[in-house]
Amino acid sequence: MKDKIQQLFSETFSAAPVIIVRSPGRINLIGEHTDYNNGWVLPASIDKAVYFAAAPRPDNIIEVWAADLKDKDTIVTDQPQQRSATKTWVNYLRGMVAQLQLSGIKIPGCNVVVTGDIPLGAGLSSSAAVECGFAFLLCRLSGQEMPRKELALMGQRSENQFVGANVGIMDQFASVFGKQGHVIRLDCRTLDYQYFPFHFSGIDIILCDTGVKHSFGEGDSEYNKRRRDCEQGVAILQQHLPGIQSLRDVSIADFAKYKHLLPPVIARRCDFVVNEINRVEAACEDLLNKDLVAFGTKMYATHRGLQHDYEVSCEELDFLVDFASGRQEVLGSRMMGGGFGGCTINLVKQEGSAAFIEAATKAYKQQLNLPLKCYITHIEQGLDVI
Ligand code: GLA
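Computed from a prediction, not measured in an experiment: that's the story for all the values here.

A. Region of the structure containing the sheet that holds strand β11 (residues 341-349). The sheet built from 4 strands is open, its strands ordered β10-β11-β9-β12 with antiparallel pairing. The open sheet has two edge strands with one neighbour each: β10 (330-335) and β12 (373-377). Each adjacent strand pair in this sheet contributes to an overall mean axis angle of 20°, direction not counted. With 5 bridges connecting them, strand β9 (residues 203-213) and β12 associate as antiparallel partners. Bridge assignment links Cys208 to a residue of β12, and that residue is Cys374. The strands that helix α11 (residues 350-368) touches are β9, β10, β11 and β12; relative to β11, the one it contacts most, it runs at about 145°.

So, in structure tokens, the structure goes:
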């Protein structure tokens, strides 16, 4: 990729880049829809990434060539940033320029080429990778240091305020703080984090990409609605548990006691989240005990909760998890990320990986008449200059 982007840059701007940045996508082992409920998540940065190459220019213009989209954007560094209604990809860049302006950083004019190998719409957080990678690039070019935590928070704020998706902190944090061979246990309330080794010889992490992104997952999205459901649950529970600020503060025992006071749908949403937050903690114990069988069982439990209680799965994801659960080489499987499409994540015994991929691809084609893309993924270093 480094050679490729260097060449793309020379072809586009007839000069050599002075910096190349790699900003990876992420997986999440367990802890879904817990980040905006102040719980824990267990993500990692992966071997698929967005790459930026850049060189400074003497004016106040950033010219970005998106090589894969064959499209360009021109940003004026010291002007207010406008959202584009038609070219959505530019909003991930402009939103970060707006954030950098607020932070007081002097944004340098530059020529930029961006390319990458994160499949789009697969739920691997290409948007977080673009946001954080671009801001990191601009800070480096200008010789100013931005703390990594701030970079992740800026990415989240930009997505919330500029792009309009009310996402939590997980994706940006994972991309910025990733460490090769490790998952990150992130406490989304305090942003304290710990790395847990995740290299189990003989185990592959396989992503099965449904290739679908259902429309009910977009716009004033189901995602934003789930957030509101959780907030509504907290507001009702607070009348009986005055000390709580989020579902993170509700124990399983207290939830069982007060759950009947919630409207049924809200009760199911909160039920999932309260259990999922506890599951991440228990799953980390499994990792310390090197017990991937127990870990995998929890992944299935997560999926069933997302499917029936949180209702963010879909037919294609459910089919793949059901299929995986019948295969002896698979230790755990679940939908990953926001839902309504994207990938399942599967822990698979290496000796059975090829057979699993072949059988899943065949079954997916037979049952749903859709092509399945599978990726054996590796946990790689987070955002950095390469
Ligand atoms: C998306 C969001 C994250 C997180 C997940 C669900 O990826 O960007 O903040 O909420 O969904 O766990």
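B. Just the side chain of Thr34, in detail. Mapped onto the secondary structure, Thr34 falls in the loop between β1 (19-28) and β2 (40-41). The class for Thr34 is buried, based on a relative accessible area of 0%. Looking at Thr34, its side chain comes within polar contact range of the main-chain oxygen of Trp40, at 2.7 Å. Contacts of Thr34, omitting those with residues within four sequence positions, involve Gly39, Trp40, Val41, Glu276 and Ile277.

C. Looking closely at unusual backbone geometry. In the Ramachandran plot, Asn38 falls in the positive-phi region, its phi being about 65° despite a non-glycine side chain. Looking at where Asn38 falls in the secondary structure, it is placed in the loop between β1 and β2. Residue classification places Asn38 among the partly exposed residues on the basis of a relative accessible area of 24%. Unusually for a residue other than glycine, Ser125 sits at a positive phi of about 65°. Looking at the secondary structure, you find Ser125 in the loop between β6 (110-116) and α3 (126-142). On the basis of relative accessible area, Ser125 is assigned to the buried category, the value being 8%.

D. Spatial organisation of the pairing of β1. Burial runs high along β1: 10 of the 10 residues are buried. Taken together, the 9 bridges between β1 and strand β3 (residues 43-56) define a ladder with antiparallel strand orientation. Bridge pairing links Ile20 to Ala53 in β3. Bridge analysis of β1 against strand β13 (residues 384-385) gives 2 bridges, and the strand direction is antiparallel. Considered in β13, the bridge of Val21 is made with Val385.

E. View of the packing of aromatic side chains. Under the defined criterion, the tally for this structure stands at 13 aromatic pairs. Between the aromatic rings of Phe9 and Phe13, the centroid separation amounts to 5.0 Å while the plane-to-plane angle is 45°, which identifies the pairing as tilted. In this pair, Phe9 and Phe13 are both assigned in helix α1 (residues 2-13), 4 residues apart and thus about one turn of the helix distant. The class of Phe9 is buried, set by a relative accessible area of 0%. For Phe13, a relative accessible area of 17% puts it in the buried group. Plain terms: the ring middles of Phe173 and Tyr193 are 5.4 Å apart, the flat faces sit at 70° to each other, and that makes the pair edge-to-face. Here Tyr193 lies in strand β8 (residues 193-197) and Phe173 lies in helix α5 (residues 170-177), a separation of 20 residues in the sequence. Through pairs of rings, three or more aromatic residues link up here, namely Phe173, Phe177, Tyr193 and Tyr195. The ring of Trp40 has Arg248 sitting right over it, with the charged end atom 3.9 Å from the ring centre.

F. Representation of the sheet that holds β6 within the structure. Spatial ordering of the open sheet is given by β5-β4-β6-β3-β1-β13, a layout of 6 strands whose pairing is mixed. If you trace the sheet from one side to the other, it starts and ends with β5 (71-76) and β13, each paired once. Docked against the sheet, helix α2 (residues 89-103) engages β3, β4 (61-66) and β5, running at close to 20° with respect to β5.

G. Looking closely at the environment of Glu222. Tracing the backbone through its elements, the reader meets Glu222 in helix α6 (residues 222-238). Taking the C-alpha atoms as reference, Glu222 lies 23 Å from Arg189; in sequence the two are 33 residues apart. A distance of 2.8 Å separates a polar atom in the side chain of Glu222 from a polar atom in the side chain of Arg226.

Parameters and conventions
Residues numbered from 1 in each chain as written. Predicted model: local features only at pLDDT ≥ 70, side-chain atom pairs only at ≥ 80, totals over all residues. Heavy atoms only, no water. Pairing = 2+ DSSP bridges. Helix = DSSP H or I, 4+ residues; strand = E, 2+ residues; numbered from the N terminus. Axes fitted to C-alpha atoms, helices over the stretch in contact; angles between N-to-C directions. Contact = heavy atoms within 4.5 Å. Buried < 20%, exposed > 50% of the residue type's maximum accessible area, 1.4 Å probe, protein only. Polar contact = N/O pair within 3.5 Å; in protein donor to acceptor, adjacent residues only side chain to side chain. Phe/Tyr/Trp six-rings, centres within 6.5 Å; stacked < 30°, edge-to-face > 60°. Lys NZ or Arg CZ within 6 Å of the ring centre and 35° of its normal.

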